[in-house]
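So you can see what is in the structure, the chains are spelled out below.
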Amino acid sequence: HNHRVQVFSCDDGSFVSKLGEEGKQPGQLHYPYGLAIDHDHDRILIVDSNNNRVQSWSLSDQSFLSCVGHRGSGGLKFLYPRGIAVDKHHHRIIVADSSNDRLVFLSSIDLSFLFSVGGKRGSQPGEFHFPNGIAIDHDRHRIIVTDTFNHRVQVLSLIDGSFFFMFGSMGKQANDFDGPRGVCVDNQGRIIVADTSNHRLQSFTHQGHHISSFQ
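Numbering of residues starts from 1 in each chain and follows the order in which that chain's sequence is written. Whole-chain, interface and lining totals are the exception, using all residues; otherwise, since this is a predicted model, local features are given only for residues with pLDDT of at least 70 and side-chain atom pairs are given and counted only at 80 or more. Remark: hydrogens and water are excluded; side-chain values derive from all non-hydrogen atoms of the structure.

Our focus in this paragraph is the overall build of the protein chain. Summing up its helical and strand segments, the protein chain has 0 helices and 22 strands in all. Within these notes, the globule rule equals 2.2 Å times the number of residues to the 0.38 power, and the radius of gyration is based on C-alpha atoms. Radius of gyration (C-alpha) of the protein chain: 17 Å, near the 17 Å computed for a compact globule of 215 residues. Viewed in the frame of its principal axes, the protein chain has a C-alpha envelope of about 45 × 40 × 30 Å. In this scheme, a residue with accessible area under 20% of its type's maximum is buried, one over 50% is exposed, and one in between is partly exposed, where area comes from a 1.4 Å probe on protein chains only. Of all 215 residues assigned to the protein chain, the portion counted as buried reaches 47%. Residue contacts follow a heavy-atom distance rule, with two residues in contact if any of their heavy atoms lie within 4.5 Å. In the protein chain, 37% of the contacts between residues at least 6 apart in sequence involve partners at least 24 apart. Only the protein chains shown count as cover for residues, and all accessible areas are computed by the Shrake-Rupley method using a 1.4 Å probe. Accessible surface computed for the protein chain: about 10,100 Å², of which carbon and sulfur atoms make up 50%. Separation of charge centres in the protein chain, based on 20 positive and 22 negative side chains, amounts to 6 Å. Every helix listed is a DSSP run of H or I at least four residues long, and every strand listed is a run of E at least two residues long, numbered separately from the N terminus. This count recognises Lys and Arg as positive and Asp and Glu as negative, with His and chain-terminal groups excluded. Charge placement uses NZ in Lys and CZ in Arg. For Asp and Glu, CG and CD serve respectively.

As structure tokens, then:
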């Protein structure tokens, strides 16, 4: 809600710099939500959610580079996108186009539209209701997505976005979720989910089996 990105030191958490300001012009932000570091192209990718676009900033000097997308559905149109991840295997960027209930695949070369999966709101495998967080399991060539208002996590193929499996349902017990949002994959392949409205984190094996909850 400060419409900016802040940068902090990994060593001691001290403030380094900030970028962006409120607005709709290129280089301005309105409710930035997700971001990813694209090391191969020396840039920061920012999901500028309420401007319905993705912005690219230089990682080295934090100058604005470009933006793609505008409000709508289909192709390079977004509706309140949230999550973003870099697929280094296939040179692609994957965006959770949340209110369009789909994932959008972009070329990491020029951020052009490649294809999308989902797009029909639903609860069947491969359908979404407000996908939010995205993580890439590069070792297993998979995409991990928090399907927020279906209260579950879906695991998809990194190659074409086809459905593999899902886990979780609405509730408060282990392996249940209530509006999950953030997700990451650790260096042992475990899936860690921010179970937002249950006010906890949960960890799972790469097969989706519950390990622990902590809050």
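It is worth spelling out the sheet that holds strand S13 (residues 131–137) at this point. With respect to topology, 4 strands assemble into an open sheet ordered S13-S14-S15-S16, the strand pairing being antiparallel. Only two strands of the sheet have a single neighbouring strand rather than two, namely S13 and strand S16 (163–167). Neighbour-to-neighbour, the strand axes of this sheet turn through a mean angle of 20°, independent of strand direction. With 5 bridges connecting them, S13 and strand S14 (residues 142–147) associate as antiparallel partners. Its bridge partner being in S14, Ile136 is matched across the sheet by Ile143. When DSSP finds at least two bridges between two strands, those strands are taken to pair. To obtain an axis, a line is fitted to C-alpha atoms, over the contacting stretch when the element is a helix, and the angle between two such axes runs from 0 to 180 degrees between their N-to-C directions.

Within the secondary structure, Leu158 is located in the loop between strand S15 (152–157) and S16. Spatially, the C-alpha atoms of Leu158 and Arg140 are 8.6 Å apart, while their sequence positions differ by 18 residues. Those residues within four positions of Leu158 in sequence are excluded, and the remaining contacts are Asp87, His89, His90, Arg92, Ile94, Ile136, His138, His141, Arg142 and Ile143.

Attention now moves to unusual backbone geometry. Positive phi is not limited to glycine here, since Leu111 has a value of about 60°. Positioned with a positive phi, Asn175 is a non-glycine residue whose angle comes to about 80°.

Attention now goes to the pairing of strand S4 (residues 43–48). Burial analysis of S4 places 6 of its 6 residues in the buried class, the great majority of the element. Two elements, strand S3 (residues 32–38) and S4, share 5 bridges in a ladder whose sense is antiparallel. Bridged to Ile37 within S4 is Ile44. Linkage of S3 to S4, two consecutive antiparallel strands, is achieved through a turn of 4 residues, within which Asp42 is found at a positive phi near 50°.

Bringing the environment of Asn51 into the picture now. Residue placement: Asn51 occurs in the loop between S4 and strand S5 (53–58). Apart from the residues lying within four places of it in its own chain, the contact partners of Asn51 are Gly23, Lys24, Gln28, Leu29 and His30. We call two N or O atoms a polar contact when they sit within 3.5 Å, provided that within protein one can donate a hydrogen and the other can accept it, with sequence-adjacent residues counted only if both atoms are side-chain atoms. Within polar-contact distance, the side chain of Asn51 engages the backbone oxygen of Gly23 at 2.9 Å.

A side chain of one charge can pair with a side chain of the opposite charge if their charged atoms are brought near each other. Salt bridges are identified by distance alone: a Lys or Arg side-chain nitrogen within 4 Å of an Asp or Glu carboxyl oxygen. Scanning the entire structure with this criterion turns up 11 salt bridges. Here Arg43 and Asp38 are joined by a salt bridge, their closest N and O atoms 2.8 Å apart. Given a relative accessible area of 7%, Arg43 falls into the buried group. Its salt-bridge partner being Glu127, residue Lys120 comes within 3.9 Å of it at the nearest N-O pair. By relative accessible area, Glu127 is classed as buried at 17%. Taken together, the shared-partner salt bridges in this structure form one network comprising Asp137, Arg140 and Arg142.

Moving on to the side chain of Ser17. Considering the arrangement of structural elements, one finds Ser17 in strand S2 (residues 15–19). Of the polar contacts made by the side chain of Ser17, one reaches the side chain of Gln62; its length is 2.5 Å. Setting aside residues no more than four positions away along its own chain, Ser17 makes contact with Val5, Gln6, Val7 and Gln62.

Our focus in this paragraph is the environment of Leu201. Turning to its location among the elements, Leu201 is positioned in strand S21 (residues 200–204). Look at Leu201 and you get partly exposed, because its relative accessible area is 34%. Between the C-alpha atom of Leu201 and that of Phe214, which follows or precedes it by 13 residues, the distance is 5.4 Å. Sequence-distant contacts of Leu201, defined by excluding residues within four places in its chain, comprise Val193, Ala194, Ser212, Ser213 and Phe214.

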